[in-house]
Amino acid sequence: MTRTPLRTALVASALAVGLSACQSPSPEPDASPGAVVSSISTAYGKTSGAVYVTGAKAGDDPCARVVSAIGYLGLSLLPAGQEDAQHWDGDVRGRFGYLRGTLAMYGPHLPASASAAVTTIDGLAETLSRAGTAGSLRTDLLRRYRKASAAVLTACGRS
């Protein structure tokens, strides 16, 4: 009988240690959110303090980040001319949201010629990322997004 309480205590201790380890964030030496925000602020000037892009680093090329986000969204979009058939599930809406976060961090550091297109994309992406946006609006907004994103790609030297 003395072994049962001891065994129970050992199992409970092991579980407590295991659970607390699972709940503790695993530190990554160079990627703490504070370090990322600090390094971005140093490289690009004052930011809003928010990090919207996983793995963002101060030395990242803004054009590369934004072009990548546009490409990532493009993987979920039907080809141009098929906007009427586009499905608006959580994947597509989420990728528009991701693009907004990328623009919030890197848009101000793109070439000046992309400024108007970035503003346009942000407004369109904000509307297209919402589940409640009427389907009748989405087709035209998607076509406008394509034109604005093409302007950003051109400003970044990619077409």
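Here, residues in each chain are numbered from 1, in the same order as that chain's written sequence. pLDDT decides what is reported in this predicted model: residues at 70 or higher carry local features, side-chain atom pairs at 80 or more are listed and counted, and totals for whole chains, interfaces and linings draw on all residues regardless. Side-chain descriptors were evaluated using all non-hydrogen atoms of the structure, hydrogens and water having been removed beforehand.

S.K.: For this particular structure, what's the right way to read the confidence of the model for the chain?
M.R.: Residues of the chain with pLDDT of at least 70 account for 66%, and the chain-wide mean is 77. Within the model, the stretch residues 8-48 combines pLDDT values under 50 with 23 contacts to residues more than four positions away or in other chains. The predictor rates its confidence in each residue with pLDDT, a number between 0 and 100. The contact criterion used is simple: two residues touch if any of their non-hydrogen atoms lie within 4.5 Å.

S.K.: Looking at this structure, I do not really get the side chain of Q86. What am I missing?
M.R.: Think of it this way: any DSSP run of H or I at least four residues long counts as a helix, any run of E at least two long counts as a strand, and we number them from the N terminus. The residue Q86 is located in the loop between helix 3 (62-74) and helix 4 (90-106) in this model. Pairs of N or O atoms within 3.5 Å make up the polar contacts considered here, provided that, within protein, one atom can donate a hydrogen while the other can accept it, and that residues adjacent in sequence are counted only when both atoms are side-chain atoms. There is a polar contact of 2.6 Å between the side chain of Q86 and the backbone nitrogen of L78. Setting aside anything within four residues of it in sequence, one finds Q86 in contact with S76, L77, L78, V92 and L142.

S.K.: In this structure, what is going on with the nonpolar core? I would like to understand it.
M.R.: What tends to happen in soluble globular proteins is that the nonpolar side chains get buried as a cluster. Here, nonpolar core refers to any group of buried Ala, Val, Leu, Ile, Met, Phe, Trp, Tyr and Cys residues whose side-chain atoms link them within 4.5 Å. Accessibility here uses a 1.4 Å probe with only protein chains present; expressed as a share of the type maximum, an area under 20% marks a residue as buried, one over 50% as exposed, and anything in between as partly exposed. Counting 31 residues, the largest nonpolar core has F96, L99, L110, Y145 and V152 as the members making the most contacts within it. For this core, the secondary structure elements donating two or more residues are helix 3, helix 4, helix 5 (115-128) and helix 6 (135-155). Filtering out sequence-adjacent residues up to four positions away, L99 remains in contact with A69, I70, L73, I121 and Y145.

S.K.: What should I look at first to understand helix 5 in this one?
M.R.: What a helix is expected to span follows from its residue count: subtract one and scale by 1.5 Å. Along its 14 residues, helix 5 runs 20 Å from first to last C-alpha, staying within 8% of the 20 Å computed at 1.5 Å per residue. Within helix 5, the full set of buried residues consists of A117, V118, I121, L124, A125, T127 and L128. Contacts from the buried residues of helix 5 go to helix 4 and helix 6.

S.K.: I would appreciate a short explanation of the state of the cysteines in the present structure.
M.R.: Formally, a disulfide is one covalent bond, and it connects the sulfur atom of one cysteine to the sulfur atom of another. The criterion for a disulfide is a pair of cysteine sulfur atoms lying within 2.5 Å. According to the stated counting rule, one finds one disulfide in the structure shown. The disulfide partner of C63 is C156, and the S-S distance across this bridge is 2.1 Å. One disulfide, between C63 and C156, carries an S-S torsion of -80 degrees and so falls in the left-handed class. In this pair, C63 sits in helix 3 while C156 sits in the segment after helix 6, placing the two residues 93 residues apart along the sequence. The class of C63 is buried, set by a relative accessible area of 9%. The exposure class of C156 is buried, given its relative accessible area of 12%.

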